[in-house]
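Understanding the architecture of this molecule
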Amino acid sequence: MEGDSQLELYEAVAARLKEAHRRVRALHVPESERAVLARRLLAITAASKQDLAAAARRLDRLMEELEDIAAGRFPPA
């Protein structure tokens, strides 16, 4: 049954990565900032192949930052 929970986590992370990419494309930020965010997403995607749980945590933090940026609140550098 652990395989089922791992598959569910994989599906959840994949769906959230897709949503994160959509949000990054929709942000009204300079292209340089968008590029930084896109590279972070690529790094999280690559990390998910090695440690899915850690990648999910990193993705959670990034999604929170994207929400802040979209709301006009910029996360600390």
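Residues numbered from 1 in each chain as written. Predicted model: local features only at pLDDT ≥ 70, side-chain atom pairs only at ≥ 80, totals over all residues. Heavy atoms only, no water.

Some thoughts on the overall build of the chain
Regarding its fold elements, the chain presents three helices and zero strands. Listed N to C, the secondary structure of the chain is α-α-α in terms of helices and strands. Principal-axis analysis of the C-alpha atoms places the extent of the chain at approximately 45 × 20 × 20 Å. Considering the chain as a whole, with its 77 residues, one finds that 27% of them fall into the buried category. Pairs at least 24 residues apart make up 58% of the contacts formed inside the chain by residues separated by at least 6 positions. For the chain, the accessible surface area stands at approximately 5400 Å², while carbon and sulfur atoms represent 55% of it. Mean positive and mean negative side-chain charge positions of the chain (13 and 13 charges, respectively) differ by 7 Å. (Helix = DSSP H or I, 4+ residues; strand = E, 2+ residues; numbered from the N terminus. Buried < 20%, exposed > 50% of the residue type's maximum accessible area, 1.4 Å probe, protein only. Contact = heavy atoms within 4.5 Å. Areas by Shrake-Rupley, 256 points an atom, 1.4 Å probe, with all protein chains shown as cover. Lys, Arg positive; Asp, Glu negative; His and termini not counted. Charge placed at Lys NZ, Arg CZ, Asp CG, Glu CD.)

Observations concerning the pattern of salt bridges
A complete count under the given rule lists seven salt bridges for this structure. Here Glu19 ties to Arg22 by a salt bridge, and the two come within 2.5 Å at their closest N and O atoms. Taken together, the residues Glu19 and Arg22, both in helix 1 (residues 2–26) and three residues apart, mark about one turn of the helix. The class of Arg22 is partly exposed, set by a relative accessible area of 40%. (Salt bridge = Lys/Arg side-chain N within 4 Å of Asp/Glu carboxyl O.)

Quick notes on the UniProt feature "coiled-coil region" (unreviewed entry) in the chain
When the UniProt feature table is mapped onto this chain, "coiled-coil region" (unreviewed entry) is found at residues 45–72. Secondary structure across residues 45–72 comprises 82% helix and 0% strand; the distance between its end C-alpha atoms is 26 Å. (UniProt positions renumbered as here; feature names shortened; annotations may be inferred.)

Things to note about the side chain of Arg34
Within the element layout of this structure, Arg34 appears in helix 2 (residues 31–48). Take Arg34: its relative accessible area is 17%, and that puts it in the buried class. A polar side-chain atom of Arg34 sits 2.9 Å from the main-chain carbonyl oxygen of Val24. Leave out the neighbours within four places in its chain, and Arg34 touches Val24, Arg25, Leu27 and Val29. (Polar contact = N/O pair within 3.5 Å; in protein donor to acceptor, adjacent residues only side chain to side chain.)

Quick notes on helix 3 (residues 52–70)
In this model, helix 3 (19 residues) spans 26 Å end to end at C-alpha, consistent with the 27 Å of a helix rising 1.5 Å per residue. At the exit of helix 3 stands Gly72, carrying a positive phi of roughly 90 degrees. (Expected span 1.5 Å × (residues − 1).)

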